[in-house]
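# Structure at a glance
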Amino acid sequence: PSELCAGADSISICLSKGLGAPLGSVLVGESEFIRLARRARKRCGGGMRQAGVVAAMGLYALQNNVQRLAEDHLRAKRLAHALGAMGFILPRDGQVDTNLVFFALPKDADKSVSELCERLDREYGVKIGGGYSRPGDRNINYIRAATNMGVDDEGIERTLEGIECILSGGGK
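These remarks concern the structure in this document. (Residues numbered from 1 in each chain as written. Predicted model: local features only at pLDDT ≥ 70, side-chain atom pairs only at ≥ 80, totals over all residues. Heavy atoms only, no water.)

Taking strand neighbours across the sheet as the criterion, the 3 strands line up as β3-β5-β4 in an open arrangement whose pairing is antiparallel. At either margin of the open sheet sits one strand with a lone partner, and together these are β3 (100-103) and β4 (129-132). When strand polarity is set aside, the average angle formed by the axes of neighbouring strands in this sheet is 35°. Pairing of β4 with strand β5 (residues 142-146), which is carried by 3 bridges, proceeds in the antiparallel orientation. (Pairing = 2+ DSSP bridges. Helix = DSSP H or I, 4+ residues; strand = E, 2+ residues; numbered from the N terminus. Axes fitted to C-alpha atoms, helices over the stretch in contact; angles between N-to-C directions.)

Another aspect to go through is the packing of aromatic side chains. Counted according to the given criterion, the structure contains 2 aromatic pairs. Taken together, a centroid distance of 5.5 Å and an interplanar angle of 85° make the contact between phenylalanine 88 and phenylalanine 103 edge-to-face. A residue pair is termed long-range when its members are at least 10 positions apart, and phenylalanine 88 in the loop between α4 (69-85) and β3 and phenylalanine 103 in strand β3 qualify at 15 residues. Taken individually, phenylalanine 88 and phenylalanine 103 each receive the classification buried, so the pair is uniform in this respect. Ring centres 5.7 Å apart and planes at 80° place the aromatic pair phenylalanine 102 and tyrosine 132 in the edge-to-face group. Residue phenylalanine 102 is located in strand β3, and its partner tyrosine 132 is located in strand β4; the two are separated by 30 residues in the primary sequence. (Phe/Tyr/Trp six-rings, centres within 6.5 Å; stacked < 30°, edge-to-face > 60°. Buried < 20%, exposed > 50% of the residue type's maximum accessible area, 1.4 Å probe, protein only.)

End to end, α4 covers 25 Å across 17 residues, agreeing with the expected 24 Å (1.5 Å per residue, within 8%). Turning to α4, its buried residues are Asp72, Arg75, Ala76, Leu79, Ala80, Ala82 and Leu83. Taken end-on, α4 shows its buried residues confined to a sector of 165°, consistent with a single buried face. Those residues of α4 that are exposed and aimed more than 90 degrees away from the buried face are Leu74, His81 and Ala85. Looking at the buried residues of α4, the elements they touch are β3, β5 and α6 (153-167). Glycine 87, located one to two residues past α4, shows a positive phi value of around 95°. (Expected span 1.5 Å × (residues − 1). Arc of directions from axis to C-beta. Contact = heavy atoms within 4.5 Å.)

This part takes up the packing of α4 against α6. In contact at an axis separation of 10 Å, α4 and α6 are set at 20° when each is read in the N-to-C sense. Taken together, the axes of α4 and α6 are roughly parallel relative to one another. Crossing handedness for the pair α4 and α6: right-handed. Here Arg75, Arg78, Leu79, Ala82 and Leu83 of α4 come into contact with α6, specifically with Asp153, Ile156, Glu157, Thr159, Leu160 and Ile163. For the contact of α4 with α6, a count of residues per class yields 6 nonpolar, 1 polar and 4 charged. (Parallel < 35°, antiparallel > 145°, perpendicular 65-115°, else oblique. Left-handed = near helix turned anticlockwise from the far one by under 90°. Nonpolar A, V, L, I, M, F, W, Y, C, P; charged D, E, K, R; others polar.)

Written out as structure tokens, the structure is:
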């Protein structure tokens, strides 16, 4: 974390993604920054009732789910490696550091990103999103897959099976 955050003066951590809390974020920064952030939040109507309940859920996630993030990261790497072997375009030479995998269809694919995403959801129960671009890769339409507490090894296999089947012209 210290390497990742070295150049930042503030950090926001979402507790509802890989950590599994139903909602909540943590904002870290110097005192003056936090004071201004609180003021801005209140101006936008951001006062919450029952904030203690939300805080308790976030605290539980931090105390119980941080260690298992490594499982999500391993599954993401496994997914990226398999997609690369199937001919998908992967940014950063397929390097995956978190639970997010960005990939683009192979050059010879006869399906669109939207068709792949829709069919994966409908036929395999796999939800991924398309329409992402990266600086320097503006002509490539990336798809994003995220591993989390709700994605186990079988889910990765189902995802890969579905992608392979849909792109080969099959389906359920």
